[in-house]
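Spelled out from the first residue to the last, the chains are:
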Amino acid sequence: MSIGRIGLIIGMIFTLFSCVETENAKIQAGEIFKDTDGNPINAHGGGILLHEGTYYWYGEIKQGETWRVPYLEWECYRCKAGGVNCYSSKDLVNWKNEGVALTAVKADTTHDLHTSKVIERPKVIYNDKTQKFVMWMHIDSEDYQYARAGVAISDNPQGPYTYIQSMRPNGAMSRDLTLFKDEDGKAYHFYSSENNKTMHVSLLNDEYTAPSGTFKRILEMESREAPAVWKHEGKYYMISSGCTGWSPNPAQISICDSVMGNWKTVYDPCVGQNSKKTYFSQSTYVLPNPNRKGEYIYMGDRWNKTNLEDSRYVWLPLTFENGKAKIEWQKEWSID
Ligand code: DGJ
């Protein structure tokens, strides 16, 4: 074969490889997760929606300089609110960037979504009756005293989402939040309330866009935040963190027989080295592992408080042993 021909073949192989998308095979806990274009995934404090066989990952865009709010005693590090990103995946390891699902507002300084505000922990559920995708998120002022929940809707999972309004649900403060949609179609909003001392669980209206008016105070005076809720063998489970800003602390599992029942905090599911710091992470979501029945994926954020853009993701297997939830560190693991 002539040298020219060999060169041509090598060139073709090179072109083929450079066109192939970045492929991930395993979860690398605590590392930068890359999307299929090879760019770092920017979706913090996130949540997952499974819709018609595709997973959608929504999370906070953390971009640009991080600074400490000078007039606050506590370590209030922040960066400009960047809105909410969306990524999609069929296998939970290869994520396609679907772009910005909810855009931050640049001009109107009074708007809830203005870049000077806080837009955190977006979660999306699908309403089968209205056929709308409904996003709830923590909306706050830079000093975290606004303490409200914001709602946005879209006709498509990836957005764009239209912001409706923010509120203090049931007249109470709402900071860290999550959504939980039960098998009967009822949906609930869990939020750290009463100055983060007590959590509330609030049944949403039929459209999932506002509180129904039925709510319950739970985990009274336990000071829990970063809630993630799932159902396992007929019981409801929550993992949450303590309230230490961006710094990690021990996780706790709370359990209940019904969503609006009497939640009890029972144990720390993490075992082994660094378990008391939740492996330097804070909970954000728990998803059933589609390949292993009865097993779940713990999703957490490893915040870098002085450079929030560089915060990482800690995803770990959450298993049940003798009826007890357990999370163990694994640097690299495979979902299937
Ligand atoms: C802890 C919360 O869980 C985060 O979402 C964020 O609000 C930080 N506090 C801010 O310090």
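Residues numbered from 1 in each chain as written. Predicted model: local features only at pLDDT ≥ 70, side-chain atom pairs only at ≥ 80, totals over all residues. Heavy atoms only, no water.

How we decide: UniProt positions are given in the numbering used here, feature names are shortened, and annotations may be inferred rather than shown by experiment.
As annotated in an unreviewed UniProt entry, the protein carries the name Glycoside hydrolase family 43 protein and comes from Paralabilibaculum antarcticum. Recorded in UniProt for the protein, the comment headed Sequence similarities (unreviewed entry) runs: "Belongs to the glycosyl hydrolase 43 family."

### Here's the deal with the overall build of the protein
Note the following rule: By the criteria applied, helices consist of DSSP H or I runs no shorter than four residues and strands consist of E runs no shorter than two, each listed in order from the N terminus. With C-alpha atoms as the basis for the radius of gyration, the globule rule is written as 2.2 Å multiplied by the number of residues raised to the power 0.38. Each residue's exposure class comes from its accessible area (1.4 Å probe, protein chains only) as a fraction of the maximum for that residue type: buried when under 20%, exposed when over 50%, partly exposed otherwise. Throughout, a residue-residue contact means that at least one pair of heavy atoms, one from each residue, lies within 4.5 Å. The charged-residue count follows a simple rule in which Lys and Arg add positive charge and Asp and Glu add negative charge, with His and chain termini not counted at all. For the purpose of locating charges, the reference atoms are NZ of Lys, CZ of Arg, CG of Asp and CD of Glu.
Of the regular secondary structure elements, the protein holds 1 helix and 25 strands. Computed over the C-alpha atoms, the radius of gyration of the protein is 21 Å, within 12% of the 20 Å expected from 2.2 N^0.38 for a compact globule of 336 residues. Taken along its principal axes, the extent of the C-alpha atoms in the protein is 80 × 55 × 45 Å. Looking at the 336 residues of the protein, the share that counts as buried comes to 52%. For the protein, long-range pairs separated by at least 24 residues make up 48% of all intrachain contacts whose partners lie at least 6 apart in sequence. Computed over 37 positive and 41 negative side-chain charges, the separation of the two mean positions in the protein equals 2 Å.

### Looking at the site of the ligand
Keep this limit in mind: For this description, a residue counts as near a given molecule or strand if any of its non-hydrogen atoms is within 4 Å of it. Within 3.5 Å is the distance limit for a polar contact, defined as a pair of N or O atoms, with the added protein rule that one can donate a hydrogen and the other accept it, and that residues adjacent in sequence qualify only through two side-chain atoms. To be clear on the numbers: accessible area is Shrake-Rupley with a 1.4 Å probe, and residue cover counts the displayed protein chains and nothing else. Each residue is assigned to one of three groups, with Ala, Val, Leu, Ile, Met, Phe, Trp, Tyr, Cys and Pro labelled nonpolar, Asp, Glu, Lys and Arg labelled charged, and all others, Gly among them, labelled polar.
Near the ligand the following residues occur: W74, E120, R121, Y144, D176, E225, G245, W246 and Q282. Contact distances for the ligand include 2.6 Å between an oxygen atom and a side-chain N or O atom of E120. Separating an oxygen atom of the ligand from a side-chain N or O atom of D176 is a distance of 2.4 Å. Relative to its unbound accessible surface of 300 Å², the ligand loses 95% to contact with the protein. Looking at the shell around the ligand, its residues break down into 3 nonpolar, 2 polar and 4 charged.

### Comments concerning the nonpolar core
Inclusion rule: Definition used in this section: a nonpolar core is a set of buried Ala, Val, Leu, Ile, Met, Phe, Trp, Tyr and Cys residues joined via side-chain atoms within 4.5 Å.
Counting 39 residues, the largest nonpolar core has I48, W57, W95, W230, I239, W315 and L318 as its most contacted members. Those elements giving two or more residues to this core turn out to be β3 (54-62), β16 (224-232), β17 (235-242), β18 (252-256), β21 (282-288), β22 (296-302), β23 (312-321) and β24 (324-328). Here the element with the most residues in this core is β23; it accounts for 6 residues. In this view, W95 contacts D35, T36, I41, I48, Y55, Y56, W57, Y87, S88, S89 and W315; residues no more than four positions away in its chain are not counted.

### A closer look at the sheet that holds strand β7 (residues 96-103)
Heads up, the condition is: Between any two strands, pairing holds if DSSP finds at least two bridges. Every axis in this analysis is a line fitted to C-alpha atoms, fitted for helices over the stretch in contact. Angles between the N-to-C directions lie between 0 and 180 degrees.
Strand order in the open sheet made by the 4 strands is β2-β3-β6-β7, with antiparallel pairing throughout. Lying at the two open borders of the sheet, with one neighbouring strand each, are β2 (44-51) and β7. Mean inter-strand twist for the sheet, computed between neighbouring axes without regard to direction, equals 25°. When β2 meets β3, the two strands line up antiparallel, connected through 6 bridges. Looking at the pairing, I48 lines up with W57 of β3.

### A few points about the layout of surface pockets
Going by this rule: Here a cavity is any set of points on a 1 Å grid over the protein atoms alone where a 1.4 Å probe fits but cannot get out, and a pocket is any open set with protein on both sides within 12 Å along at least 5 of 7 lines; a residue lines the site when it has an atom within 4 Å of a point. Grid points are joined across faces, edges and corners, and a volume is the space filled by probe spheres set on the points.
The computed volume of the largest pocket comes to approximately 690 Å³. Around the largest pocket sit 23 residues that line it, and L50, F180, K181, Y285 and P288 are the ones nearest its centre. Broken down by secondary-structure element, the contributors of at least two residues to the lining of the largest pocket are β2, β8 (118-127), β12 (177-181), β16 and β21. Approximately 510 Å³ is the volume found for the second largest pocket. As for the second largest pocket, its lining consists of 25 residues, of which W74, Y144, N196, E225 and G245 are closest to the centre. Residue composition of the lining of the second largest pocket, by class: 6 nonpolar, 9 polar and 10 charged.

### Quick look at the packing of aromatic side chains
Applicable threshold: Pairs were defined over the aromatic rings of Phe, Tyr and Trp, the Trp ring being its six-membered one, requiring ring centres within 6.5 Å. Orientation was assigned from the angle between planes: stacked under 30 degrees, edge-to-face over 60, tilted for the rest. Over a ring means this: the NZ of a Lys or the CZ of an Arg is within 6 Å of the ring centre and within 35 degrees of the ring normal.
Summed over all chains, the structure comprises 19 aromatic pairs. Residues F33 and Y313 carry aromatic rings whose centres are separated by 5.3 Å and whose planes lie at 55° to one another, so their mutual orientation is tilted. With F33 in the loop between β1 (27-28) and β2 and Y313 in strand β23, this residue pair connects regions lying 280 residues apart in the sequence. Each member of the pair F33 and Y313 is classed as buried. Ring centres 5.5 Å apart and planes at 20° place the aromatic pair W230 and Y237 in the stacked group. Judged by its relative accessible area of 3%, W230 falls in the buried class. Every member of this aromatic cluster is reached through a ring pair, and the members are F33, W57, Y87, W95, Y313 and W315. Across from the ring centre of Y267, 4.8 Å away, lies the NZ or CZ of K324, which sits over that ring.

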